[in-house]
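Chain and residue survey
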Amino acid sequence: MITAERKPIEEILEYLEPYDRILLVGCNECVTVCAAGGRKEVALLSSALQMARMKSGRTLEVREMTLERQCDPEYVEELVNFIDQAGAVLSMACGCGVQEVARRFKDKPVFPAVNTKFMGASERQGVWAERCQGCGDCLLGLTGGICPIARCSKRLLNGPCGGSTDGKCEISPEVDCAWQLIWERLKALGLEKRYEDIISAKDWRTSRDGGPRKIVREDLAS
Amino acid sequence: MSFQKQLSSGEFVVLAEMDTPKGVDISELITNARRIKGRVDAVVIPDMGDGMMRMSALGGGVLMHQQGIEAIIHVCCRDRNRLALQAELLSAHVLGIQNVVVARGEEMAYGDHFDAKPVNDLDEIGLLQAIRSLQEGVDLAGIELKGSPIFTVGCTIEPYVDDKALDRELELAQKKVEAGAQFIITPPVFDMDLFASFVEKAKPLGVPLIPTVFLLKSVGIARYMATTLPAYHISEELISRIRKASNRELECIRIAGEMVANLKQLAQGVHIVTLGWEYQLPSILDYSGL
């Protein structure tokens, strides 16, 4: 999933300073799962914003909505009947959702209420960790299902480096050494031989480094 | 007189661009540089222009310095992060480089290492601010330097296809000047009237403009550029002049020379680009009357 964390309320209030009536829009997908921008978080932020405004002697009218998917034009269209009454939109979706709303409603200011963080997985209740950087040319088949691009601090394709101690990365004792994990996993699978293979320098064109990416499925595109 | 002094005293400066070799054979670079020593005020060394891997601009700049030729080196953000950029700038100063141009750095995709990962940790404005900070004795981490470098700092303006694109470029140039650019190298000029109106529009920037004179080497190149790069504003008349000439190569050199001479009336210098034909620089200078 795409993970996110809510922005500090002071930053959000600064964005909203010129407006007295806003549309606060959550998303039922990734940001709901990582508890950053679903229906519940929309309600909490709405109350917090209104209270903060009242403290400063002004009011803020907030219409709350949570879309099925904010990155999908079909669902964003549901805002059409409410957009005119709002001075601005505050989106609790990831950056994709914020941009989709901004693309659809060109004359309406749209502000982000969360910081989009990474593509990750849930490690345990309330803990999410980065797992994928979307490099566009998946290496997991070579590395025992553990990604060195997303999980090695140096993105080493042939690790580990000298900073690996007792299975931890030198940047923090909280961070596992991805190459230690890869080694252990290959060993468990009886694929130690694969560790000896040198992975060649990566072609980064498939990653964001080749510029903004797009997928066009001719069989589906209209 | 140094490039910086000429620039600040309003004198016309002549710059010639020279690429470093792809390899370690520097004989051609040195021979070509010696040919124009004393005839140009500085040699401009691109920083792996067009994303082609070559000897570094700093290496080329130092070679010029060893030959007694003042160098202006390009620095771009494509290949280095803020540590490497600052380190290179400190090295450049110590090795005798007094002038740098913050260049855009063409997309990696257009170069010969198209699978490489571009860095772009800073952008052009960020790099100009970094240079200013180093000159003030502090690095980007806020740590005081033991001795600070001094540079004359330039920037570039990209070719513009119409007035709207030009306005955008000028707005960006304004930011670059505010961030520390002291002169601007502008795109190749093929149309003097157009350049004259550019000069008017760019006046508020308040820094010297150094237009590029680009050597068209053949009808084919002129035609190709006119078709694929409309922002260069190459006219049919110009293409036809080359086509009709009995010696087309010489005509191209003559055109470049005339352009240099004409620009003397409008700008504070010229930046001659010959892309591989650096051996023709003396002839261009001959035809320019300089």
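On a predicted model such as this, the values are computed, not experimentally measured, just so you know.

Analysis parameters
- Residues numbered from 1 in each chain as written.
- Chains lettered and ligands numbered in written order.
- Predicted model: local features only at pLDDT ≥ 70, side-chain atom pairs only at ≥ 80, totals over all residues.
- Helix = DSSP H or I, 4+ residues; strand = E, 2+ residues; numbered from the N terminus.
- Rg over C-alpha atoms; globule rule 2.2 N^0.38 Å.
- Buried ≥ 20, exposed ≤ 12 C-beta atoms within 10 Å, placed from the backbone.
- Contact = placed C-beta atoms within 7 Å.
- Pairing = 2+ DSSP bridges.
- Axes fitted to C-alpha atoms, helices over the stretch in contact; angles between N-to-C directions.
- Core = buried A, V, L, I, M, F, W, Y, C linked by C-beta atoms within 7 Å.
- Nonpolar A, V, L, I, M, F, W, Y, C, P; charged D, E, K, R; others polar.
- Domains from an automatic or database assignment.
- Expected span 1.5 Å × (residues − 1).
- Arc of directions from axis to C-beta.
- pLDDT = per-residue confidence, 0-100.
- Parallel < 35°, antiparallel > 145°, perpendicular 65-115°, else oblique.
- Left-handed = near helix turned anticlockwise from the far one by under 90°.

1. Some thoughts on the overall build of chain B
In terms of regular secondary structure, chain B is built from eleven helices and eight strands. In terms of overall size, chain B behaves like a compact globule, its C-alpha atoms giving a radius of gyration of 18 Å where 290 residues would be expected to give roughly 19 Å. Summarising its shape, the C-alpha atoms of chain B cover approximately 60 × 45 × 45 Å along the three principal directions. Looking at chain B residue by residue over its 290 residues, the buried ones come to 42%.

2. Structural notes on the overall build of chain A
Scanning chain A from N- to C-terminus turns up eight helices and ten strands. Against the compact-globule benchmark of 17 Å for 222 residues, chain A has a radius of gyration of 22 Å, which places it well outside the compact range. With the C-alpha coordinates of chain A rotated into their principal frame, the extents come out at 65 × 45 × 25 Å. The proportion of buried residues among the 222 residues of chain A is 29%. Residue pairs at least 24 apart in sequence account for 56% of intrachain contacts in chain A once pairs closer than 6 positions are excluded.

3. Looking at the sheet that holds strand β3 (residues 61-67) of chain A
Residue and element names in this part refer to chain A. Strand order across the open sheet formed by four strands is β3-β2-β4-β5, with parallel pairing between neighbours. If you trace the sheet from one side to the other, it starts and ends with β3 and β5 (110-112), each paired once. Recorded for the sheet is a direction-independent mean angle of 25 degrees between the axes of neighbouring strands. Sheet topology note: the strand β2 (residues 21-27)/strand β4 (residues 88-91) ladder contains four bridges and is parallel. Note that in β4 the partner of Leu24 across the bridge is Leu90. Here helix α5 (residues 95-104) sits on the sheet in contact with β2, β4 and β5, set at roughly 175 degrees to β5.

4. What to know about the nonpolar core
Core analysis: the largest hydrophobic core is formed by 79 residues, its most contacted members being Leu15(B), Val43(B), Ile73(B), Val100(B), Val102(B), Ala256(B) and Ile272(B). Contacts of Val100(B), omitting those with residues within four sequence positions, involve Ile72(B), Ile73(B), Val75(B), Ala92(B), Ile131(B), Phe151(B) and Val153(B). Formed by 32 residues, the second largest nonpolar core is a distinct cluster that contains Ile22(A), Val31(A), Leu49(A) and Val62(A).

5. Describing the interface of chain A and chain B
On the side of chain B, six residues touch chain A, which itself brings five residues to the contact. For the side of chain A that touches chain B, the residue count by class is one nonpolar, one polar and three charged.

6. Concerning the sheet that holds strand β9 (residues 168-169) of chain A
Residue and element names in this part refer to chain A. Spatially, the three strands line up as an open sheet ordered β8-β9-β10, and their pairing is antiparallel. Each edge of the sheet is formed by a strand with only one pairing partner; in this case those strands are β8 (164-165) and β10 (172-176). The sheet contact formed by β9 and β10 spans two bridges and is antiparallel. Across the sheet, the residue bridging to Lys168 is Asp176, located in β10.

7. A look at the domain arrangement of chain A
By the assigned domains, chain A splits into domain 1 (2-118) and domain 2 (133-210). Placing a centre on the C-alpha atoms of domain 1 of chain A and another on those of domain 2 of chain A gives a separation of 37 Å.

8. Structural notes on helix α5 (residues 124-135) of chain B
All names here are of chain B. Its twelve residues place the ends of α5 17 Å apart at the C-alpha level, agreeing with the 16 Å of an ideal helix rising 1.5 Å per residue. Those residues of α5 lying buried are Glu124, Leu127, Leu128, Ala130, Ile131 and Leu134. Take α5 and look down its axis: the buried residues cluster within an arc of 155 degrees, on one side only. Elements that come into contact with the buried residues of α5 comprise β3 (71-75), α4 (82-94), β4 (99-102), β5 (152-156) and α6 (163-178). Just beyond α5, the residue with positive phi is Gly137, at close to 90 degrees.

9. Let's talk about the environment of Gln4(B)
Residues and elements named next belong to chain B. Looking at the element boundaries, Gln4 is found in helix α1 (residues 3-8). Overall, Gln4 belongs to the partly exposed group, with 19 C-beta atoms counted inside 10 Å. It is 9.3 Å that separates the C-alpha atoms of Gln4 and Val153, two residues lying 149 residues apart in sequence.

10. Regarding unusual backbone geometry
All names here are of chain A. With an omega dihedral of 0 degrees, the bond running from Gly159 to Pro160 counts as a cis peptide bond. The residue Asp166 is not glycine, and still its phi comes out positive at about 50 degrees. Structurally, Asp166 is set in the loop between β8 and β9.

11. Side note on helix α11 (residues 281-288) of chain B
Residue and element names in this part refer to chain B. For α11, the set of buried residues is Leu281, Ile284, Leu285 and Ser288. Angular distribution of buried residues about the axis of α11 spans 100 degrees; they occupy a single face of the element. Close packing links the buried residues of α11 with β1 (13-17), α2 (27-36), α10 (248-263) and β8 (269-273). Note on α11: the residue one or two positions beyond its end, Gly289, has a positive phi of about 80 degrees.

12. Re the confidence of the model for chain B
Predicted confidence across chain B gives a mean pLDDT of 97, with 100% of residues reaching 70 or more. Note on the complex model: pTM 0.93, ipTM 0.88.

13. Concerning the packing of α4(B) against α5(B)
All names here are of chain B. Orientation of α4 relative to α5, taken along the N-to-C sense of each, is 50 degrees, at an axis distance of 11 Å. One finds that α4 runs oblique with respect to α5. You can see that α4 and α5 cross each other, and the crossing is right-handed. Of α5, the residues touching α4 (which contributes Arg82, Leu85, Gln86 and Leu89) are Leu127, Ala130, Ile131 and Leu134. Residue composition of the contact of α4 with α5, by class: six nonpolar, one polar and one charged.

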